[in-house]
Amino acid sequence: MNSKEIRKQFLKFFEAKGHEIVSSAPMVIKDDPTLMFTNAGMNQFKEYFLGNKVPKNPRATDTQKCLRVSGKHNDLEEVGKDTYHHTMFEMLGNWSFGDYFKKEAIQWAWELLTEVYKIDKDILYVTVFEGESSEGLPIDQEAYDFWKEIIPEDRIILGNKKDNFWEMGDQGPCGPSSEIHVDIRSAEEKAKISGAELVNKDHPQVVEIWNLVFMEFNRKADGSLEKLPAQHVDTGMGFERLCMVLQDKKSNYDTDVFTPLIREIETITNSKYAQTEEVDIAIRVIADHVRAVSFAIADGQLPSNTGAGYVIRRILRRAIRYGFTFLDQKEPFIYKLVDTLIKQMHEFFPELQKEKNIIINVIREEENSFLRTLAQGLVLLDNIIGANNGKTIAGSKAFELYDTYGFPIDLTALILQEKGYQLDEKGFQEELEKQKNRSRAATKVETGDWEVLIDDPIEEFVGYDTLETQVRITRYRKVESKKDGELYQLVFNITPFYAEGGGQVGDKGYLESANGDVVYIIDTKKENNLIIHFSKNLPKNLNDPFRAVVDEKQRSRTAANHTATHLLHQALRSVLGTHVEQKGSMVHSGYLRFDFSHFAKVTSEELTHIEDFVNARIREQLPLQENRHMPYQEAIDQGAMALFGEKYGDLVRAVKFGESMELCGGTHVANTGDIWHFIITSEGAVAAGVRRIEAISFDAAKEYFAKQTAAFNEVKAVLKNNATDPIKAITALQDENAAMKKQIEQLLKDKAKGLKGELKAELEEINGVNFLAKKVDLDQGSIKDLAFELGSEFKNLYLLFASEADGKVMLTCYISKEIVKEKALNAGQIVRELGKLIQGGGGGQPFFATAGGRNPEGIPQVLENAKGYIS
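Here the structure is a predicted model, which means the values were calculated and not measured.

Looking only at helices and strands, the protein chain features 25 helices and 37 strands. Scored against the burial criterion, the 871 residues of the protein chain give a buried share of 50%. Long-range pairs, those at least 24 residues apart, make up 68% of the contacts in the protein chain with a sequence separation of at least 6. Accessible surface for the protein chain amounts to roughly 40,800 Å². Of this, 47% is attributable to carbon and sulfur atoms. Taking the average place of the 108 positive charges on the side chains of the protein chain and the average place of its 133 negative ones, the gap between the two points comes to 4 Å.

What the 3 strands build is an open sheet, ordered β27-β28-β29; its pairing is antiparallel. Strands with a single pairing partner mark the edges of an open sheet, and in this sheet they are β27 (625–631) and β29 (660–663). Taking each pair of neighbouring strands and ignoring which way they run, the sheet shows an average axis angle of 20°. Strands β28 (651–657) and β29 of the sheet are contacted by helix α17 (residues 552–575), whose axis makes an angle of about 115° with β29.

One pass over the full model with this rule turns up 56 salt bridges. For the salt bridge of E366 with R313, the shortest nitrogen-to-oxygen distance reads 2.7 Å. A residue pair is termed long-range when its members are at least 10 positions apart, and E366 in helix α13 (residues 356–386) and R313 in helix α10 (residues 307–326) qualify at 53 residues. Take R313: its relative accessible area is 13%, and that puts it in the buried class. Here K540 and D517 are joined by a salt bridge, their closest N and O atoms 3.9 Å apart. Of this pair, K540 sits in the loop between β23 (530–535) and β24 (546–550) while D517 sits in the loop between β21 (509–512) and β22 (518–527), placing them 23 residues apart in sequence. Look at K540 and you get exposed, because its relative accessible area is 70%.

As a further point, take the state of the cysteines. For the structure on display, the rule yields 0 disulfides. You can see C243 has no disulfide; the closest cysteine sulfur is in C66, sitting 15 Å from it. Using a relative accessible area of 0% as the deciding quantity, one classes C243 as buried.

Chain-level pLDDT for the protein chain is 91 on average; 98% of the residues reach the 70-or-more range. The element-level mean pLDDT for the protein chain is lowest in strand β4 (residues 73–74), coming to 48, with strand β6 (residues 124–129) highest at 98.

Together, V518, Y520 and I522 line one region of the surface with nonpolar side chains, adding up to about 270 Å² of accessible area. Its location among the elements puts V518 in strand β22. Its relative accessible area of 34% is what places V518 among the partly exposed residues.

Glancing now at the packing of aromatic side chains. Think of a pair of aromatic rings as described by two things: how far the centres are apart, and how the planes are tilted against each other in angle. The final tally for this structure, using the stated rule, is 30 aromatic pairs. Summarising the aromatic geometry, the rings of F129 and F165 are spaced 5.3 Å apart at their centres and angled 50° between planes, so their arrangement reads as tilted. Note that F129 is positioned in strand β6 and F165 in strand β8 (residues 165–167), a separation of 36 residues in sequence. Taking relative accessible area as the criterion, F129 reaches 2% and is therefore assigned buried.

On to helix α22 (residues 780–793). The terminal C-alpha atoms of α22, which comprises 14 residues, lie 20 Å apart, in line with the 20 Å expected from a rise of 1.5 Å per residue. Along α22, the positions that sit buried rather than exposed are S782, I783, L786, A787, L790 and G791.

Within the secondary structure, T127 sits in strand β6. By relative accessible area, which is 1% here, T127 ends up buried. Separated by 404 residues in sequence, T127 and I531 have C-alpha atoms that sit 39 Å apart. The residues touching T127, leaving out its near neighbours within four places in the chain, are I157, N164, S177, S178, E179, H181, V199 and N200.

As a further point, take unusual backbone geometry. At N200, a residue that is not glycine, the phi angle is positive and equals roughly 60°. Relative to the elements of secondary structure, N200 occurs in the loop between α6 (187–192) and β10 (206–219).

With their axes 10 Å apart at the nearest point, helix α11 (residues 338–345) and α13 run at an angle of 145° to one another. At the point where α11 passes α13, the crossing takes the right-handed sense. Between α11, through V338, D339 and I342, and α13, the contact on the second element is made entirely by K356, I359, I360 and I363. When its residues are assigned to classes, the contact of α11 with α13 shows 5 nonpolar, no polar and 2 charged.

Attention now moves to the sheet that holds strand β34 (residues 797–805). The strand order across the open sheet built from 6 strands is β32-β33-β34-β35-β37-β36, with neighbouring strands paired in mixed fashion. On the outer flanks of this sheet lie β32 (764–766) and β36 (841–844), each paired with one strand and no other. Averaged over all pairs of adjacent strands, the angle between their axes in this sheet comes to 20°, without regard to strand direction. Note that β32 and strand β33 (residues 769–775) share 3 bridges and pair antiparallel. Opposite I766, over in β33, you have V769 as the bridge partner. Here helix α21 (residues 726–762) sits on the sheet in contact with β32, β33 and β34, set at roughly 125° to β33. Each of β33, β34 and β35 (808–815) is contacted by helix α25 (residues 859–866), which is oriented at about 180° to β34, the strand it contacts most.

So, about the environment of Q344. Here Q344 lies in helix α11. In this structure, the C-alpha to C-alpha distance between Q344 and P260, residues 84 residues apart in sequence, is 8.1 Å. Discounting chain neighbours no more than four positions away, the residues touching Q344 are K4, D256, V257, F258, P260 and L261. A distance of 3.2 Å separates a polar side-chain atom of Q344 from the backbone oxygen of D256.

For β23, the tally of buried residues reaches 6 of 6 residues, placing the bulk of the element in the interior. Burial along β23 is two-sided: the face carrying L530, I532 and F534 and the face carrying I531, H533 and S535 are both buried. Alignment of strand β19 (residues 485–492) against β23, held across 3 bridges, turns out to be antiparallel. Counterpart to Q489 in the pairing with β23 is F534. Hairpin geometry of β22 and β23 is characterised by an intervening segment of 2 residues between the two adjacent antiparallel strands and by a positive phi of about 50° at N528.

The rules behind the values
- Here, residues in each chain are numbered from 1, in the same order as that chain's written sequence.
- Whole-chain, interface and lining totals are the exception, using all residues; otherwise, since this is a predicted model, local features are given only for residues with pLDDT of at least 70 and side-chain atom pairs are given and counted only at 80 or more.
- Excluding hydrogens and water, the side-chain values take into account all heavy atoms of the structure.
- Each helix corresponds to a stretch of at least 4 residues labelled H or I by DSSP, and each strand to a stretch of at least 2 residues labelled E; elements are numbered beginning at the N terminus.
- Think of it in three bands: residues with accessible area under 20% of the maximum for their type are buried, residues over 50% are exposed, and the middle band is partly exposed, with areas taken using a 1.4 Å probe on protein chains only.
- Contacts were defined at the residue level, with two residues in contact if any of their heavy atoms lie within 4.5 Å.
- Areas reported here follow the Shrake-Rupley algorithm with a probe of radius 1.4 Å; residue values treat only the protein chains shown as occluding.
- Note that His is not counted, nor are the chain ends; the positive residues are Lys and Arg, and the negative ones are Asp and Glu.
- Where a charge lies is defined by one atom per residue type, namely NZ (Lys), CZ (Arg), CG (Asp) and CD (Glu).
- The pairing criterion is simple: DSSP has to find at least two bridges between the two strands.
- Here, axes are lines fitted to C-alpha atoms. For helices the fit covers the stretch in contact, and angles between N-to-C directions go from 0 to 180 degrees.
- Whenever a carboxyl oxygen of Asp or Glu lies within 4 Å of a side-chain nitrogen of Lys or Arg, that contact is scored as a salt bridge.
- Any pair of cysteine sulfurs within 2.5 Å is marked as a disulfide.
- pLDDT is a residue-level measure of predictor confidence that goes from 0 to 100.
- By definition, no residue in a patch forms a salt bridge, and every one has over 30% relative accessible area; like charges are joined within 9 Å, nonpolar side chains (Val, Leu, Ile, Met, Phe, Trp, Tyr) within 5 Å.
- Only Phe, Tyr and Trp rings take part, Trp by its six-membered ring, and two of them pair if their centres are within 6.5 Å. Stacked means planes under 30 degrees apart, edge-to-face means over 60, and tilted covers everything else.
- What a helix should span is 1.5 Å times the count of its residues minus one.
- Here a crossing is called left-handed whenever its near helix is offset anticlockwise from the far helix by less than a right angle, and right-handed whenever the offset is clockwise.
- Residue polarity is assigned by list, with Asp, Glu, Lys and Arg as charged and Ala, Val, Leu, Ile, Met, Phe, Trp, Tyr, Cys and Pro as nonpolar; anything else, Gly included, falls into the polar class.
- Whenever a nitrogen or oxygen atom comes within 3.5 Å of another N or O atom, the pair is scored as a polar contact, on the condition that within protein one atom can donate a hydrogen and the other can accept it, and that pairs from neighbouring residues in sequence are kept only if both atoms are in side chains.

Laid out in structure tokens, this is it:
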């Protein structure tokens, strides 16, 4: 049975049991502050488990693309080294939201595995939660008894809290779990030791394939547990491991999920899998990581230096590094694997085919960039080795290479070993831990339990129609962080505040009580289907009604910018072509940012056309047409643009201005004329094939024109009598300035020629070297020219020049190439050491180098010490 059939069989089985087949949620999570990536199948159903939303169907089944490389679930460093950990993987799941519970979950799991997939019952083991006395949790006797009816008791294993009590996080829904493990070892191995003894012992062929979680508790902030109002089932089966079992393989990488990729890697890199451990690990790393990166890019997450983008970049760079070191790949090659991946996966994940060009171009550009980083790192590492005393390289130096330049620590250690040096690994780990502690401290958030005042989980948003309304607080909690200090999160029964989402920032405003007391709302976000309002303090009388008022000025500015992004999207497709698709946006009250797919720099002429197109739509005063409850397919059929990486429900909100129609939950102006004017402020590249436009509209555009007018008037005032034609006057000044620069350059050259004769006479021969150390009054370019001119006339020359300007010092060292070899002199090392005397540093090549500093008083000591390198 191939992998496609295995996936289909799973979904078909649970569909027959009354489950609705739902699509995989995007792997990259945009509007949940608690998660970067979907790391489990249950993520998209959190709001149901928390009781914040009622599902249309209490039973669901799916295959969910997941990523586990950060936080609690971090498997990255294991990937490739073993045969069953992955970064990106599929999780097959079936779900019950307050419907069936343990009995059906256990029976159906057994039926599917043994009757549909025909897995030998004798190779299966199950685990049951043994209980935890410190929390007053008894053994999960109910699950044990259900399993006892199906499987011999000697294959039911009691598991501890770590293995058999699943928790969504430090707080939230949780409960005991029952895992199903499979033993695929040979008969000889099974005869030596029972599979029961190897369950949860990290044996590569005795692995967990399915986890049945029975959610019945809520973990509170103080660590205590309370019963959930409804009981849920959350199951997750590792698709790749299931394929390994059903295809009778000993490794996930031997299944048809990975073999096409592995064969392509072998072909491209001229390597062979299953021969040497180092090569095998490298191929597994690359095969796994290209999947993770491709799916992430398809979901809209580009590699970057922060947040989720940093994680994706780190995964890709790990793959590049393994190819560089173990497969001798010094040119980009991973992007060539994307076609093979798409052929395998596009049927179930069509977004891969849709975003093919972006995926290929982004990966290729990232490969080029990191290979340049590796080349730079190799030079820097050579410099570190050259300046080192002894055979041990300090951990702090290696950490600087890792942290500042992105040079992999394992590659540093490997190169040092080859050159006969060793790394102070303890020192490196200490520096790494310091950095992690700083990061944890900066991002740590302590979240209290919700204090429920009114049992009203469904919060209605009325902000499309009004900016103020009467509300009641239904629940609140306190949160503390180093960044924001102590804040309170408030939830209302009804709210006019728009929660951050779809690129648009959250509303600000205030709550006002009947007696006039005011509490300011400083931000609004959405979490697990709750609209959460942030304030620095609580109202005095929490149970009173309040008037909730949105900041009208900020909302108007934000709405203008949001509508402008829709018109900009339309303009880009009209001017540049219909290949343009939105790849991200950020809508603030002061400006907008719009990312889009395009493979060339947008020319000045095109930018003018785009700007003119948007402003033409503004002048047309197009009214807002919206349908808040439109069937998704109907909206698409009418031409609505659905954005990448978004998960839409059956009913959507369609927003239309003239010919522009998009699915959007954000706030907009009533008429495009309200935008006033649209101005593009910048255009540039974000990644290969992705461009970014930043722009302003409404009040910011008015302020822009006011500042431009004021600046123009200032220029005219400075020009005085020439103000009648400022452009002509400025051009004349530029020409005059250029002529004066040429005169100055010629004067400096004449000065250097005159100085050259004086310096020749001052050369001193020391141990066969023509030496001169002197302070000179020239600019840096003239000093360099002078040094090379003297170098062309004299062999065995060693010069050290110092110059000073505006309190800054520059050192220039020139050494003839003959004595670089004969006397092992190195200009780069010399200026690095002498630079310390002027409170600075520098470097360069062995024959020419410069250093800068800020201590002119050190110059005499520099000139004196320079002689010491040859005397």
